[in-house]
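Spelled out, the chains give:
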Amino acid sequence: MKFPRLTTLVAATLLATAAATPALAQSSGKLKVGLMLPATGTFAALGTAIENGFKLYVAEQGGKLGGREIEFYNVDDESDPSKATDNMNKLIKRDNVDVVVGTVHSGVAMAMAKVAKDTGTMLIVPNAGANAVTGPMCGKNIYRSSFTNSQPGYAMGEALAKKGVKRVVTITWKYAAGDESVGGFKEAFEKGGGKVVEELAVPFPSVEFQALLTQIASIKPDAVYTFFAGGGAVKFVKDYAAAGLKNSIPLYGAGFLTDGTLDAQGDAAQGLQTTLHYADSLNTPKDNAFRLAYAKSYKQQPDVYAVQGYDAAQILGVGLAAAKGDIKNQDAFADAVRKATIDSPRGPFKMSKSHNPIQDFYLREVKGKENVVVGIASKGLVDPGRGCRM
Ligand code: PHB
């Protein structure tokens, strides 16, 4: 009778050890981070800046977050929503990553959030503002270090209404980010007494603006509000000036219009006013240190995307440290992130209940190669997280 009991005991001990080993390895071995970002196309430079920012923070922590060394796996998402599910599965199923960081494009991010929800994989979004990611798609494994699409637009809507601007035409790419940016603008602008008289759009990532610029010239609004970014923003700002509109119909936009783009836009961007959660002239100790470190490492100035990448790594660091390196402990991770103040180069922020930064939006103006702060357009904007149930 004793013998079988002993066997059972040994077997049980062995089983327990076997069960404990992977968990131990999981929270002490390398943490696999999948970077799903655009490396080609109109948003390629944005993807590079995010990756640079993320890696800068990791390097500042000695290559470790939450006590675990970081190992990177990359996939070029091409800003193509139709490839997003496959790309996400490559990282999760083939490379076995512990966490995915991505991406820039809202349509791609929505597909990523769906896979993250279905598989329980940790996802940190370092740019894409799709309202749904921190709305109906929200979860304790989904975080965003950037903004919600409606927010920069909302801030500009408030600013233009306050200026007494009355009739505005909007122009953007026809996809979630453009629609939601214009939606935020329209909500605040019309609440403040203005009127959006025409909403124009080209399909993403088209840069065929000519016909619509002719239409703007014939409508003669008081101002134009726009959302474009990356290569498309460079082309739009140059075309707007070349069409002779810059001095007759003031152009305003979400700050992506002039962020990371000023070298290429040159004179065409001078004087443009935009709203964003970052600017080049904050002159705070944190931002100065960040800009110096970034310039040293990458031989170029950071932009908003670099900041969002840096802060995505900070969020991962906060959550992982509280979870003692165990990324599967999502309750400890979420609890710590919700309580934390992230010491961002943009200014310190806390996360909303739906895991989006609560932050100020600056009114900026292009002077030379910088987006200089003019003032704060909207203070402490909170993502309403409509439809988010955690
Ligand atoms: C988006 O698709 O959500 C998006 C893309 C580029 C930006 C901002 C938002 O600069």
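These lines cover the structure that appears in this document, whether it is placed above or below. Please read these numbers as outputs of a predicted model, since none were measured by experiment. (Residues numbered from 1 in each chain as written. Predicted model: local features only at pLDDT ≥ 70, side-chain atom pairs only at ≥ 80, totals over all residues. Heavy atoms only, no water.)

1. Structural notes on the overall build of the protein
Step number 1: Secondary structure summary: the protein contains 12 helices and 14 strands in total.
Step number 2: The C-alpha atoms of the protein give a radius of gyration of 23 Å, which matches the 21 Å a tight globule of 390 residues would have.
Step number 3: Seen along its three principal axes, the alpha-carbon backbone of the protein occupies a region of about 95 × 40 × 35 Å.
Step number 4: Across the 390 residues of the protein, 53% fall into the buried class.
Step number 5: Long-range pairs, those at least 24 residues apart, make up 69% of the contacts in the protein between residues at least 6 apart in sequence.
Step number 6: Charged side chains of the protein number 44 positive and 37 negative; the gap between the two group centres comes to 6 Å. (Helix = DSSP H or I, 4+ residues; strand = E, 2+ residues; numbered from the N terminus. Rg over C-alpha atoms; globule rule 2.2 N^0.38 Å. Buried < 20%, exposed > 50% of the residue type's maximum accessible area, 1.4 Å probe, protein only. Contact = heavy atoms within 4.5 Å. Lys, Arg positive; Asp, Glu negative; His and termini not counted. Charge placed at Lys NZ, Arg CZ, Asp CG, Glu CD.)

2. Comments concerning the pairing of strand β3 (residues 68-76)
In summary, the side chains of a regular strand alternate between the two faces of the sheet.
Step number 1: Relative to β3, strand β1 (residues 31-37) runs parallel, the two sharing 7 bridges. What sits directly across from K32, in β3, is E71.
Step number 2: Relative to β3, strand β2 (residues 64-65) runs antiparallel, the two being bridged by 2 bridges. Bridge pairing in β3 places K64 opposite E69.
Step number 3: Linking β2 to β3, which pair antiparallel, is a turn of 2 residues; within it G66 sits at a positive phi near 50°. (Pairing = 2+ DSSP bridges.)

3. Notes on helix α8 (residues 230-242)
Step number 1: Under the 1.5 Å per step criterion, the end-to-end length of α8 is 19 Å for 13 residues, consistent within 8% with the ideal 18 Å.
Step number 2: Among the residues of α8, G230, G232, A233, V234, F236, V237, D239 and Y240 are the ones counted as buried. (Expected span 1.5 Å × (residues − 1).)

4. Observations concerning the site of the ligand
Step number 1: In the region of the ligand, 16 residues are neighbours, and V104, S106, G129, Y175 and Y305 sit closest.
Step number 2: One nitrogen or oxygen atom from the main chain of V104 is found 3.4 Å from an oxygen atom belonging to the ligand.
Step number 3: For the ligand, an oxygen atom lies 2.8 Å from a polar atom in the side chain of Y305.
Step number 4: Relative to its unbound accessible area of 280 Å², the ligand is 100% covered by the protein chains.
Step number 5: Broken down by class, the residue content of the shell around the ligand amounts to 11 nonpolar, 5 polar and no charged. (Near = heavy atom within 4 Å. Polar contact = N/O pair within 3.5 Å; in protein donor to acceptor, adjacent residues only side chain to side chain. Areas by Shrake-Rupley, 256 points an atom, 1.4 Å probe, with all protein chains shown as cover. Nonpolar A, V, L, I, M, F, W, Y, C, P; charged D, E, K, R; others polar.)

5. Digging into the state of the cysteines
Covalent bonding between the sulfur atoms of two cysteines defines a disulfide.
Step number 1: According to the stated counting rule, one finds 1 disulfide in the structure shown.
Step number 2: Between the sulfur atoms of C138 and its disulfide mate C388 the distance is 2.1 Å. A torsion of 90° about the S-S bond marks the disulfide between C138 and C388 as right-handed. Here C138, found in the loop between β5 (122-125) and β6 (142-144), pairs with C388, found in the segment after β14 (370-381); they are 250 residues apart in sequence, far enough to count as distant. (Disulfide = S-S within 2.5 Å.)

6. A few points about the pattern of salt bridges
Step number 1: Under the criterion given, the structure shown has 18 salt bridges.
Step number 2: Residues D331 and K140 are paired through a salt bridge, measuring 3.1 Å at the closest nitrogen-oxygen approach. Here K140 lies in the loop between β5 and β6 and D331 lies in helix α12 (residues 330-339), a separation of 191 residues in the sequence.
Step number 3: D331 gets classed as exposed once you look at its relative accessible area, which sits at 51%.
Step number 4: A relative accessible area of 35% means that K140 is categorised as partly exposed.
Step number 5: Two residues, R291 and D280, come together in a salt bridge whose shortest N-O distance is 3.4 Å. (Salt bridge = Lys/Arg side-chain N within 4 Å of Asp/Glu carboxyl O.)

7. Re unusual backbone geometry
Step number 1: A cis geometry characterises the amide bond from G102 onward to T103, with omega recorded as 0°.
Step number 2: Counting through the fold element by element, T103 comes out in the loop between β4 (99-101) and α4 (106-119).
Step number 3: F204 connects to P205 through a cis peptide bond whose omega is 0°.
Step number 4: Within the secondary structure layout, P205 lies in the loop between β8 (195-203) and α7 (210-219).
Step number 5: Backbone geometry at K220 places phi at a positive 55°, although glycine is not the residue there.
Step number 6: Using a relative accessible area of 59% as the deciding quantity, one classes K220 as exposed.

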